[in-house]
Amino acid sequence: MTTSMQRIKDKLRHALPPAKWRHLPVRFRKPLFFSIFLLALGAFAVGFLFLMYERSYVPQPFPVSVNPTLNLIEEDPAVDEYYEKHITATDKEGTKLDWADWLSEKLFGGEWYQILAAPRARNLVIYPGERREEIADKFGDILRWSEDERQQFMDLVATSSPLMLEGKFYPGHYLVDQEAPPEYVAGLVNDKFNEEIRARYQRRVENQVSLEDALIIASLLEREAYDFTDMREISGVIWNRLFMGMNLQLDATLQYAKGSSPYGPWWPVPLPRDKYIDSPYNTYQNEGLPPGPIANPSIEAVLAALNPIETDCLFYFHAAGGVFYCSDTYEEHVANLRQLYGRGR
C-alpha cells in the first residue's frame, strides 16, 4: 500500500507544476492521494472482471419449440429460464445485453464518457428493428462517410455469411475512432452477430429451423411486437398461418416495401391501398415468408421466433396501451374490433 501511494504521489508531483504542488494544503493531500488510489484500484478491478468474463463466457444454444416439418409447436418450459439467465439486463433502447455489456454501457456509453474520450471516440448505436439504410445513414453522418463508403459498409455486412441484405446488423453499441473506415465498423458488427447469434445457432437448431427463416420471422416480430411475451404470442400466430398456407398479412412488410423508396420515411404508415403494392415483401399478396428479413432483430426476437407460444389464434391486433387481442376466426377478430372501435377493419 505504501509503495503504491508513493508512486501515485510521484506521478502527481510530475503532473502538477511545482508552484501549484507546494501551495496545495497539506490537509488535502492525503484524501486526494487516497481518492486517486481508489479510482485506480476500481478501474483495475473492473478490467479484471471483464477479462475473466470474456474468457469464461460461452453462449448457450437456442432452445427450439417449433417443428415446421410436423407443423407442430411444443412449448419448451425452459425458454423463460433461458431468457432470464442468458438475456438478462436490458438497456434503455431495448437491446438485450449480457451483464458485461450492460456495465460497459453504463460506464462508457454516457455523454460524460464521450466528452472524456473526445475528440476521437464515437459511440455508434444500432437499435432493434432498424433497417440497414437507417443504420448506414446514421453511422455515415457520425463518421462523415461518403455515399460510397456507406454503401460499402452495407455490402460488407450483407455479403458476410450467411448472405442477407438485412438481419445481421446486430443491435448494440460500438465504440470506434472518429475516422473508423467502413471495413473496420463492418468487422465489429459481423463479429458481434457471430458471437451473439451464430454461436448460439448450433446444428441441432439449424436442422429444425434454418437461420434465415429464424431471422426473417424475428425481424417481423421486432416490427410488430412490444415486448418478449408479445413477440412469442405473435410468433405463434405467424407459425400457425405458415402451417396452414395462409398469407401472413403483416403491415410491417408493407412498411418495408414502401420505405424502400429513395423518398419519404423508412417506416411509413401503411394505408389500405398499400395491400396491393407490387413487391415480393408484400405478405398480403404473396404466400409464405418474405424473401429476407425486413429489419435487424434483437436476440430476444430470434429466441421468440424459435419458441412461439402454443395458440389457436390466427388473427391479432393491439389496442391502446399495447394490449394484445387475438382470435381463432376472422369473425371473432372483427367482433373484437367492433367492440373496441365500433367498426371492423
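Here, the structure is the one placed above.
Conventions adopted
Residues numbered from 1 in each chain as written. Predicted model: local features only at pLDDT ≥ 70, side-chain atom pairs only at ≥ 80, totals over all residues. Heavy atoms only, no water. Helix = DSSP H or I, 4+ residues; strand = E, 2+ residues; numbered from the N terminus. Contact = heavy atoms within 4.5 Å. Areas by Shrake-Rupley, 256 points an atom, 1.4 Å probe, with all protein chains shown as cover. Buried < 20%, exposed > 50% of the residue type's maximum accessible area, 1.4 Å probe, protein only. Arc of directions from axis to C-beta. Phe/Tyr/Trp six-rings, centres within 6.5 Å; stacked < 30°, edge-to-face > 60°. Lys NZ or Arg CZ within 6 Å of the ring centre and 35° of its normal. Pairing = 2+ DSSP bridges. Salt bridge = Lys/Arg side-chain N within 4 Å of Asp/Glu carboxyl O. Core = buried A, V, L, I, M, F, W, Y, C linked by side-chain atoms within 4.5 Å.

Student: How should the overall build of the chain be read in this particular structure?
Tutor: Within the chain, the secondary structure is distributed over 15 helices and 8 strands. Counting only contacts in the chain whose residues sit at least 6 apart along the sequence, the fraction spanning at least 24 positions is 64%. Counting every atom, the chain has about 18600 Å² of accessible surface; 54% of that belongs to carbon and sulfur.

Student: Before we go on, may I ask you to explain helix α4 (residues 79–86) in this structure?
Tutor: Every α-helix winds through 3.6 residues per turn, so residues three or four apart in the chain are directed the same way. Along α4, the positions that sit buried rather than exposed are Val79, Tyr82 and Tyr83. The buried residues of α4 occupy one face: seen down the axis, they fall within an arc of 100°. Across from the buried face of α4, at angles greater than 90 degrees, the exposed residues are Glu81, Glu84 and Lys85.

Student: What is the right way to read the packing of aromatic side chains from this model?
Tutor: Any aromatic ring pair is given by two values, namely how distant the centres are and how the planes are angled relative to each other. Overall, the coordinates contain 13 aromatic pairs when judged by the stated rule. Ring geometry for Phe153 and Phe169: centres 5.7 Å apart, planes at 65°, overall edge-to-face. Taken as a pair, Phe153 in helix α8 (residues 147–158) and Phe169 in the loop between α8 and β6 (172–177) lie far apart in primary sequence, 16 residues in all. Here Phe153 falls in the buried class, since its relative accessible area comes to 0%. Under the relative-accessibility criterion, Phe169 is labelled buried at 1%. Joined through ring pairs, the aromatic side chains of Phe139, Trp145, Phe153 and Phe169 make up one cluster. Seen from the ring of Trp267, Arg131 lies directly overhead, with NZ or CZ sitting 5.9 Å from the centre.

Student: I would appreciate a short explanation of the pairing of strand β5 (residues 121–126) in the present structure.
Tutor: The side chains of a regular strand alternate, residue by residue, between the two faces of the sheet. Where burial is concerned, most of β5 is hidden: 5 out of the 6 residues are buried. Here 6 bridges tie β5 to β6, and the two strands are oriented antiparallel to one another. Within β6, the residue paired with Leu124 across the bridge is Tyr174.

Student: Got a minute to help me understand the pattern of salt bridges in this structure?
Tutor: Once their charged atoms are close, side chains differing in charge can pair, the charge on each being opposite to the other. Scanning the model with the defined rule gives 11 salt bridges in all. Here Asp177 ties to Arg120 by a salt bridge, and the two come within 2.8 Å at their closest N and O atoms. Here the residue Asp177 occupies a position in strand β6, and Arg120 occupies one in the loop between α6 (111–117) and β5, the gap between them amounting to 57 residues. With relative accessibility at 31%, the residue Asp177 sits in the partly exposed group. Overall, the relative accessible area of 36% leaves Arg120 in the partly exposed class. Put simply, Glu75, Asp80 and Arg232 are held in one network by salt bridges that share partners.

Student: What should I look at first to understand the nonpolar core in this one?
Tutor: The tendency in soluble globular proteins is for nonpolar side chains to be buried as a group. With 64 residues, the main nonpolar core has Phe62, Phe153 and Val185 as its most contacted residues. Among all residues touching Phe153, those that are not within four sequence positions of it are Ile135, Ala136, Phe139, Trp145, Phe169, Pro182, Val185, Ala186 and Val189.

Student: Help me out: how do you make sense of the pairing of strand β7 (residues 315–318) in this one?
Tutor: Residues Phe315 and Phe317 of β7 are buried on one face, and the alternating residues Tyr316 and His318, pointing to the opposite face, are buried as well. Sheet topology places β7 next to strand β8 (residues 324–327); 4 bridges connect them, and they run antiparallel. Its bridge partner lying in β8, His318 is registered against Phe324. Counting the residues in the hairpin turn of β7 and β8 gives 5 residues, including Gly321, whose phi is positive at 80°.

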